[in-house]
Amino acid sequence: MSVRTAEPDQSPSSAPQTGAELLVMQAITKRFPGVVALQDVSLDVRAGEVHVLFGENGAGKSTLINIIAGTFGPDEGTFHFAGTEMKGLTPYKARGLGISPVFQEFSLVPSLTVVENLFLGRELASLGLTDARAMRRRATELFDELGFGLDPDRETGTLSRAHQQMVEIAKALLTNVRLLILDEPTASLTERETERLFALIARLKASGVGIIYVSHRMPEIRALADRITVLRDGRFVKTVQADSVSDNDLIELMTGRKLDVMFPEIEHKPGEILVDVEALSVADGSVRGVNLHACAGEITGIAGLVGCGKSEVVRAVYGLAAISDGTIRIGGIPVDAPAPRASLSRGVAYFPADRGAEGLALTRPIRENASMSALDLPSFARFGILRLPAERSAIRAAMERLKLRPPDIERAVGNLSGGNRQKVMLGRGLTRDIRIFLFDEPTVGIDVGAKREVYDFMKALVEQGAAVIVVSSDLQEVIHLSNRVYVMHHGRIAAEFAGEDISEQNILASFFREEEAEKNAEAAQ
């Protein structure tokens, strides 16, 4: 790996050899107002190893990696990097030492270009002036080296979430990396992009870079991990060799309980067609001539590579993407111009992939976030005045049903883990009469236990007669939950599978069949 630094190396000592201790944290404790986030946690990472941090949402993983990245310091304990004790560490100092984090929540400025985001705060200069040409050249070299097909001049806010993830990874690798922190890095990536990332990780590992990898996905952990440290409720549970522990053992260490199977058995009983999409095209061209339907009593999956248009289909149905052509019928009734408020009144709920940007008001309490889609109902408000006791009662009941922990509905959503944030969004579907549930990447960034709870929620909805549409980049999720699957490619439906025909082989074959057909068409021109 030939990634070079864009700023002076501020390392306390020369880079450790592969296998040497790079990071050593002992008895780390971190308190925030009203909560102990970490209690007596220890972690060590060696040069040239992938060390997985494993635990439920809220276990303390994010707090720990924020301490390593210099976001804030520990209240107790010691922290050494490359043999030097870290005191007064800041993100800038950490970056100078070669500690490069890629957080789950992006730190990009949407209005800036890709290259401007890449060099923000570390701009290259020549003769006292910013050297835009040198930065663009370095960005292009880095993207070519990483295999990322990114346009350096593209405004970052116009990129898909997957491409924004690539920008974050490239940002981390722009410096002389010695410790790379990856927090759920594949959450928005396709299978192909994930394979490219894994190859990059292998090259970094071979060059002696230490890697802390946070993930809830067992196949990823099996493919990458040398060692695994398990956290639970802010405490250290155990560090194990990856090849000496089973998946079930890891889940039991993480949750403190046995979890027999990941996906529930769902009794699909397809009934009337509740969502009927005919020749649908979206104004921005991301969806073209799509036909699909979803029935009451079943889960309909939509799979495809990032950028294929699968998310845009459900956004159009709900009223978040402008329609240029086609027909949408909800319960058999044509809807000319769907809009979110009207969709809710028709019994349609949408749960976006990006909970922070689109789904939740992070500074507001759980109660307000869960009830905001039902404030037009007489049971919640009358004559424009909120019925606070009724609101509290309804939201408390919804959160109890969804097993929110802790069950304090006045707590700010921004203080919750990813899994609990998702539960707050799901609670909206319990505050009014909803028959159609549109899930866009429903388990991005949430742990195994919370995933099972989301799946159980879907199972209950289907068995009560709802129509559920699941858009997901997690192929196993689509396969195991769905009664029918549509595969999309470049804005169109490439294939449809039902029942026993739903398999990884069939879905992947339709991905690559479309790719091959396009290549042949281009070659013939």
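Further up the page is the structure itself.
Residues numbered from 1 in each chain as written. Predicted model: local features only at pLDDT ≥ 70, side-chain atom pairs only at ≥ 80, totals over all residues. Heavy atoms only, no water.

Participant: Can you lay out unusual backbone geometry for me, pointing to particular residues and giving the numbers?
Facilitator: Non-glycine residue A27 carries a positive phi angle of around 50 degrees. Among the secondary structure elements, A27 is positioned in strand β1 (residues 21–32). Even without being a glycine, E184 presents a positive backbone phi close to 50 degrees. Its location among the elements puts E184 in the loop between β9 (179–183) and α6 (191–206). (Helix = DSSP H or I, 4+ residues; strand = E, 2+ residues; numbered from the N terminus.)

Participant: Hey, could you go over helix α5 (residues 161–172) for me, with residue numbers and the actual values?
Facilitator: The end-to-end C-alpha distance of α5 is 17 Å, a good match for the 16 Å that twelve residues give at a rise of 1.5 Å each. Among the twelve residues of α5, ten are classified as buried, and the element is accordingly described as predominantly covered. Looking only at α5, the buried set comprises A162, Q164, Q165, M166, V167, E168, I169, A170, K171 and A172. Packed against the buried residues of α5 are β6 (99–102), α3 (114–118), α4 (132–146), β9 and α6. (Expected span 1.5 Å × (residues − 1). Buried < 20%, exposed > 50% of the residue type's maximum accessible area, 1.4 Å probe, protein only. Contact = heavy atoms within 4.5 Å.)

Participant: I'd like a description of the sheet that holds strand β23 (residues 484–489), backed by residues and values.
Facilitator: Taken together, the six strands give an open sheet; going across it, the order is β18-β21-β22-β15-β23-β24, and neighbouring strands pair in mixed fashion. Edge strands, defined here as strands with exactly one partner in the open sheet, are β18 (348–351) and β24 (492–498). Ignoring strand direction, the axes of neighbouring strands in this sheet form an average angle of 15 degrees. Here strand β15 (residues 298–304) pairs with β23 via five bridges, running parallel. In the sheet register, T300 faces β23, and the bridge partner there is R484. (Pairing = 2+ DSSP bridges. Axes fitted to C-alpha atoms, helices over the stretch in contact; angles between N-to-C directions.)

Participant: I'd like a rundown of the nonpolar core, residues and numbers included.
Facilitator: Core analysis: the largest hydrophobic core is formed by 67 residues, its most contacted members being M399, V424, L438 and F439. A total of seven residues in this core trace back to one element, the largest contributor, which is helix α15 (residues 448–463). Non-local contacts of M399, meaning those with residues more than four positions away in its chain, are made with I366, A370, L404, I409, K423, V424 and G427. Counting 52 residues, the second-largest nonpolar core is a separate cluster that includes F119, L146, I228 and I251. (Core = buried A, V, L, I, M, F, W, Y, C linked by side-chain atoms within 4.5 Å.)

Participant: Could you give an account of the packing of helix α14 (residues 418–427) against α15, with specific residues and numbers?
Facilitator: Where α14 meets α15, the closest approach of the two axes is 10 Å, and the angle between their N-to-C directions is 15 degrees. Classed by the angle they form, the pair α14 and α15 counts as roughly parallel. Every pair of crossing elements has a handedness; the one defined by α14 and α15 is left-handed. Contact residues: G419, Q422, K423 and L426 in α14; A450, E453, V454 and F457 in α15. (Parallel < 35°, antiparallel > 145°, perpendicular 65-115°, else oblique. Left-handed = near helix turned anticlockwise from the far one by under 90°.)

Participant: Could you give me a rundown of the pattern of salt bridges, with the residues and numbers involved?
Facilitator: A complete count under the given rule lists 26 salt bridges for this structure. For R31, the salt bridge goes to E76, with nearest N and O atoms at 2.7 Å. In this pair, R31 sits in strand β1 while E76 sits in strand β4 (residues 76–81), placing the two residues 45 residues apart along the sequence. Look at E76 and you get partly exposed, because its relative accessible area is 36%. Here R315 makes a salt bridge to E358, at a shortest N to O gap of 2.9 Å. (Salt bridge = Lys/Arg side-chain N within 4 Å of Asp/Glu carboxyl O.)

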